[in-house]
Amino acid sequence: MIKKILKLIGAALLILIAVQAVNTMRYTAQDTSAVQAELPIVDEALFAAHLGEAIRIQTISTSVDMGARGPEFQQFLDWLVVTYPAANAAMTRVMVGELTPVYRWDGADTNLQPILLTAHYDVVPVAESGLADWQQDPFSGAIASGFIWGRGALDDKSAVVAIMEAVEALATSGFTPNRTIYFSFGHDEEIGGADGAASAATYFKEQGIQMAWSLDEGSMILKDVIAGLELPVASINVAEKGYVSLDITARAEGGHSSLPPRDTAVSTLATALTKLQSGPVPGGLTGASKEFFDGLGPHFTLAQKVLFANQWFYRPLLEIVLSGSPATDAMLRTTKAPTMLVGSAKDNVLPQKATATVNFRIHPRDSIDGVVAHTREMIDNSEIEITLRGGFGNEPSAVSDKDGIGFQALSKTFRQVFGDLIVVPGLTVAATDSVHYAKISDNSYRINPFVFTGEDIKRLHGRNERISVQAMGQAVQFYQMLIRNGG
Ligand SMILES: [Zn+2]
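Residues numbered from 1 in each chain as written. Predicted model: local features only at pLDDT ≥ 70, side-chain atom pairs only at ≥ 80, totals over all residues. Heavy atoms only, no water.

Below, the discussion takes up helix 6 (residues 196-206). A large share of helix 6 lies buried, amounting to eight of its eleven residues. Three or more residues of helix 6 are buried, namely G196, A197, A198, S199, A200, A201, Y203 and F204. Tucked inside the fold, the buried residues of helix 6 contact strand 1 (92-96), strand 2 (100-105), strand 3 (115-120), strand 6 (181-186) and helix 14 (434-437). (Buried < 20%, exposed > 50% of the residue type's maximum accessible area, 1.4 Å probe, protein only. Helix = DSSP H or I, 4+ residues; strand = E, 2+ residues; numbered from the N terminus. Contact = heavy atoms within 4.5 Å.)

Structural data, given as structure tokens:
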């Protein structure tokens, strides 16, 4: 009897191994080879000089002194006009919101649905404390050791400059796009885009303009970022997570701390937070995140490949592994991060209320209502108040078509300009202006054409932000080819 059972188990294992082997062999990669094309000859040194000038105009977004910063923003807009005369002559410009320009480049065929290319020209402030660590002054726009240095070099003035350089070159050569192309350069992305990108979206809506597709920041060409991959990866993000912060409040009597009850508002709140943090929001490898890993899977090492090729068997294991790192966990689920705490103003006074703020980034499968329901369920205390901080939140974006004409144009352009690379759909886990633009676009895609290494990630909003002179040249080539391929 035991022999028979062992035999059966043995046979089952053999079948399992055989199925997995076949699946792994069949698990072939998409074509990653370069698409041959004659690329435009570009003047990298000129682009570097222009980006340097752009960085020196300190268009810093902070919610408090936006009014006072106005002149710098106006200076940047004037700079765009002076620096790109052919582009400005070829296009018409309207201003939306306070300081966001929207350019229109009329296409030859007005029956075609237009497209939209966007970037933002505001930057985050530079922390005083880290100033000494900068190798070049953050607003110098210095060109040194093959890089252009300063705030906005990666995020996102480089994209504004590269797009305008591309239009300038094409307009000078007499090129006209077939499809009308809009360009929008937001002035307040770093503080939510409530005036710039939101006004642009409203403007398009009022004009009855719906884009076939749009492109914004949200990812980069990742080189040596994902372990186990030799080729660079262009993750064209087809969706963006939503954003909401919840204020979680416990109330109590208050009074003097010499005669305290067993629980104060602070300890009640602490219990609530502990319960909330006792488990993650349910998630899993589905949707855009699954497609991201499906695209990468065949390029991994054999051991990893077996796992991805046999997700019917290894999905639970994969999900445990991916949940283990914040970067991949964020792709699998809605994340929650307690960020602020407020209690009593004095050490010997019992608080009448204590509030914690928890920031959620909402996966496309979830919603703001779902986040509130999850929080209530986890805390399981009807006395605790849960409210939307600021009274608002942004739902996650819709998921754009990974087979649509926009995705195809982007994919082709990446392989023309950057050679062999893997193109996959992906998910933007942070918030960008796309949250507004997605409302007026059938399909919105999110990626900047800059090669980005693991080491660059900390430069974003951090110290020593820089982009290589060569990367600027490639970005201009990319936008020129994209306008040809997509326009
Ligand atoms: Zn940005």
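Here the focus is empty space enclosed by the protein. Under the counting rule described, the total for this entry stands at two cavities of 30 Å³ or more. The volume enclosed by the largest cavity comes to roughly 50 Å³. For the largest cavity, the full set of lining residues is E240, K241, G242, Y243, N394, E395, S397, A431 and V435. Within this model, the second largest cavity holds a volume of roughly 30 Å³. Looking at the lining of the second largest cavity, its residues break down into six nonpolar, no polar and two charged. (1 Å grid on protein atoms, 1.4 Å probe; cavity = no way out; pocket = protein on both sides within 12 Å on 5 of 7 lines; lining within 4 Å. Points joined across faces, edges and corners; volume = space filled by probe spheres on them. Nonpolar A, V, L, I, M, F, W, Y, C, P; charged D, E, K, R; others polar.)

Next up on the list: the coordination of the zinc ion. Ideal values differ by geometry: the angle at a metal is 109.5 degrees with four tetrahedral donors, but 90 or 180 degrees with six octahedral donors. Bound to the zinc ion on the protein side are H120 (NE2), D155 (OD), E217 (OE) and E217 (OE), at distances that span 1.9 to 2.5 Å. In the primary sequence, the donor residues of the zinc ion line up as H-x34-D-x61-E. Here D155, found in the loop between strand 5 (147-149) and helix 5 (157-172), pairs with E217, found in the loop between strand 7 (213-216) and strand 8 (221-223); they are 62 residues apart in sequence, far enough to count as distant. The class of D155 is buried, set by a relative accessible area of 10%. (Donors = N, O, S within 2.8 Å, 3.2 Å for Na, K, Ca; no water.)

Sheet architecture is open: three strands sit in the order 4-5-19, paired in antiparallel fashion. Of all strands in the sheet, those with a lone pairing partner are strand 4 (143-144) and strand 19 (466-468), marking the two edges. Pairing of strand 5 with strand 19 involves three bridges; the strand directions are antiparallel. By the bridge assignment, F147 is partnered in strand 19 with S468. Against the sheet, helix 2 (residues 44-56) contacts strand 4, strand 5 and strand 19, and its axis sits at roughly 10° relative to strand 5. (Pairing = 2+ DSSP bridges. Axes fitted to C-alpha atoms, helices over the stretch in contact; angles between N-to-C directions.)

What follows concerns the domain arrangement of the protein. Partitioning the protein into structural domains gives domain 1 (44-218 + 430-486) and domain 2 (239-394). Using only C-alpha atoms to locate each centre, domain 1 and domain 2 end up separated by 33 Å. In this assembly, six residues from domain 1 lie in contact with five residues from domain 2. At the boundary of domain 1 with domain 2, total buried surface from both sides reaches about 480 Å², with 43% on carbon and sulfur atoms. (Domains from an automatic or database assignment. Buried area = accessible area lost by both parts, 1.4 Å probe.)

Let us now look at the packing of aromatic side chains. Any aromatic ring pair is given by two values, namely how distant the centres are and how the planes are angled relative to each other. Tallied over the full model, the rule gives 20 aromatic pairs. A centroid spacing of 6.0 Å and a plane angle of 70° characterise the contact between W105 and F175, whose relative ring orientation is edge-to-face. On the criterion of sequence distance, the pair formed by W105 in strand 2 and F175 in the loop between helix 5 and strand 6 is long-range, its members being 70 residues apart. The residues W105 and F175 share a single accessibility class, namely buried. (Phe/Tyr/Trp six-rings, centres within 6.5 Å; stacked < 30°, edge-to-face > 60°.)

Sheets are built from strands paired through backbone hydrogen bonds, the pairs being either parallel or antiparallel. Strand order in the open sheet made by the four strands is 12-14-10-15, with antiparallel pairing throughout. Single-partner strands in this sheet number two, and they are strand 12 (335-342) and strand 15 (385-394). Neighbour-to-neighbour, the strand axes of the sheet open up by a mean angle of 20°, direction not taken into account. Bridging between strand 10 (residues 242-251) and strand 15 involves six bridges; their strand directions are antiparallel. Considered in strand 15, the bridge of T249 is made with E385. The strands touched by helix 12 (residues 368-379) within the sheet are strand 10, strand 12, strand 14 (353-362) and strand 15, with strand 15 carrying the most contacts at an inclination of about 160°.

Moving on, we get to the side chain of H50. Position of H50 relative to the elements: it lies in helix 2. Aside from chain neighbours lying at most four places away, what touches H50 is W79, T83, Y84, V161 and E165.

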